[in-house]
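The residues making up each chain are set out below.
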Amino acid sequence: QVQLVESGGGLVQAGDSLRLSCTASGRTFSTYVMGWFRQAPGKEREFVAAIRWSGGSTYYANSVKGRATISRDNAKNTMYLQMNSLKPEDTAVYYCAADVRNTRIPNDIDYWGKGALVTVSS
């Protein structure tokens, strides 16, 4: 059974940094693209960043490009999202995601974590 477990959310102030982690288990993810999506109150879930487990190619939404870094530790089966210069509009539940396709469409995603709340106060 595939499990994606997020950690690292919390309350921060605008301008602060935060690192989210996602630990994956239940299968081999070497052929997968792992990613982060977020959903703000009253809004649809949106793509944030993704990384190919094999090779490490990375992809970012324009809204976080230059402020976010996605990475993974193969030995720990863990993916990270480092977010810097956080803004109040970054407030959302951040979800870890995994799929064999490199897709930014939430409905296409095979596996989801339960989410981690990030609140950025102004």
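## Some thoughts on the sheet that holds strand β3 (residues 18–25)
Pairing is antiparallel in the open sheet, where 4 strands are placed in the order β1-β3-β8-β7. Looking at strand neighbours, the two that pair on one side only are β1 (3–7) and β7 (68–73), the edges of this open sheet. When the angles between neighbouring strand axes are averaged without regard to direction, this sheet yields 15 degrees. Relative to strand β8 (residues 78–83), β7 runs antiparallel, the two sharing 6 bridges.

## Examining the state of the cysteines
On inspection of all chains with the given rule, the structure shows 1 disulfide. A sulfur-sulfur separation of 1.9 Å characterises the disulfide bridge that pairs Cys22 with Cys96. Between Cys22 and Cys96, the S-S torsion sits near -70 degrees, and that sign places the bridge as left-handed. Remark: Cys96 occurs in strand β9 (residues 92–99) and Cys22 occurs in strand β3; sequence separation between them is 74 residues. Cys96 matches Cys22 in its accessibility class, with the two residues each being buried.

## So, unusual backbone geometry
For residues besides glycine, phi is generally negative; the peptide bonds are generally trans as well. Here Asn77, not a glycine, exhibits a phi torsion of approximately 55 degrees, which is positive. Tracing the chain through its elements places Asn77 in the loop between β7 and β8. Residue classification places Asn77 among the partly exposed residues on the basis of a relative accessible area of 23%. Within the chain, Ser85 stands out as a residue other than glycine whose phi angle is a positive 50 degrees. Positionally, Ser85 belongs in the loop between β8 and β9.

Cut-offs applied
Residues numbered from 1 in each chain as written. Predicted model: local features only at pLDDT ≥ 70, side-chain atom pairs only at ≥ 80, totals over all residues. Heavy atoms only, no water. Pairing = 2+ DSSP bridges. Helix = DSSP H or I, 4+ residues; strand = E, 2+ residues; numbered from the N terminus. Axes fitted to C-alpha atoms, helices over the stretch in contact; angles between N-to-C directions. Disulfide = S-S within 2.5 Å. Buried < 20%, exposed > 50% of the residue type's maximum accessible area, 1.4 Å probe, protein only.

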